[in-house]
Amino acid sequence: MCTAELIELSEALGDPYYAKRAYETLACFRQLLPAADGDFNAYRGMITERYYQTACFQPKGMYLTLSHAWSAGVLLLACEQVLARVALRT
């Protein structure tokens, strides 16, 4: 949700740390977008808000099998922000 702001902060500080974390986070959640039914025990294109890292509520490594529009919107926003920055450089 704050991808562009983290990149701007890095530029203002002259330190690439926050920009790198923003790009890493975007890469993480882009790879967790199911490309086909059954990927991550979800349907194609389904974006969840919860990934279980511990055995609380679901087994460790599970994916909440509900799709959330706001999660899709945040991912799309980050992609658009990064693509807009790339377009400005060319």
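Residues numbered from 1 in each chain as written. Predicted model: local features only at pLDDT ≥ 70, side-chain atom pairs only at ≥ 80, totals over all residues. Heavy atoms only, no water.

Asker: So what's going on with the pattern of salt bridges? Residues and values would help.
Answerer: A side chain with one charge may pair with a side chain of the opposite charge, provided their charged atoms come close. This structure, assessed with the given rule, holds 2 salt bridges. For Glu 11, the salt bridge identified is with Arg 85, shortest N-O distance 2.4 Å. Placement of Glu 11 in helix α1 (residues 3–13) and of Arg 85 in helix α3 (residues 69–89) is noted, with a sequence separation of 74 residues between them. Classification of Arg 85 as buried rests on a relative accessible area of 17%. With its nearest N and O atoms 3.0 Å apart, the salt bridge here joins Arg 21 to Glu 24. Pair noted here: Arg 21 and Glu 24 are both in helix α2 (residues 17–31), with a separation of 3 residues, about one helical turn. The exposure class of Glu 24 is partly exposed, given its relative accessible area of 45%. (Salt bridge = Lys/Arg side-chain N within 4 Å of Asp/Glu carboxyl O. Helix = DSSP H or I, 4+ residues; strand = E, 2+ residues; numbered from the N terminus. Buried < 20%, exposed > 50% of the residue type's maximum accessible area, 1.4 Å probe, protein only.)

Asker: Give a description of the side chain of Ser 71 that names residues and reports values.
Answerer: Looking at the secondary structure, you find Ser 71 in helix α3. Among the residues examined, Ser 71 registers a relative accessible area of 7% and is labelled buried. Not counting chain neighbours up to four residues away, the residues in contact with Ser 71 comprise Ile 47, Thr 48 and Glu 49. (Contact = heavy atoms within 4.5 Å.)

Asker: For the state of the cysteines, give the residues involved together with the corresponding values.
Answerer: Tallied over the entire structure, the rule returns 0 disulfides. Free of any disulfide, Cys 2 has its nearest cysteine sulfur in Cys 28, 14 Å distant. Here Cys 28 stays unpaired: no disulfide links it, and the sulfur of Cys 79, its closest cysteine neighbor, is 12 Å away. (Disulfide = S-S within 2.5 Å.)

Asker: Could you give an account of the layout of surface pockets, with specific residues and numbers?
Answerer: The gaps left among the atoms become clear once a water-sized probe is rolled over them. If you add up the space inside the largest pocket, you get close to 380 Å³. Looking at the largest pocket, it is lined by 20 residues, and the ones nearest its centre are Met 1, Thr 25, Phe 29, Val 74 and Leu 75. Looking at the lining of the largest pocket, the elements that each hand over two or more residues are α1, α2 and α3. Split into classes, the residues belonging to the lining of the largest pocket amount to 14 nonpolar, 4 polar and 2 charged. In this model, the second largest pocket occupies a volume close to 180 Å³. Phe 29, Leu 32, Phe 40, Tyr 51, Tyr 52, Gln 53, Gly 61, Met 62 and Tyr 63 together form the lining of the second largest pocket. When grouped by side-chain class, the residues that make up the lining of the second largest pocket number 7 nonpolar, 2 polar and no charged. (1 Å grid on protein atoms, 1.4 Å probe; cavity = no way out; pocket = protein on both sides within 12 Å on 5 of 7 lines; lining within 4 Å. Points joined across faces, edges and corners; volume = space filled by probe spheres on them. Nonpolar A, V, L, I, M, F, W, Y, C, P; charged D, E, K, R; others polar.)

Asker: Requested: an account of α2, with residues and values cited.
Answerer: With 15 residues, α2 ought to run about 21 Å at 1.5 Å a step, and its terminal C-alpha atoms sit 21 Å apart, in line with that. Restricting attention to buried positions, one finds in α2 the residues Ala 19, Ala 22 and Leu 26. Taken down its axis, α2 places every buried residue within 60° of arc, on the same side. (Expected span 1.5 Å × (residues − 1). Arc of directions from axis to C-beta.)

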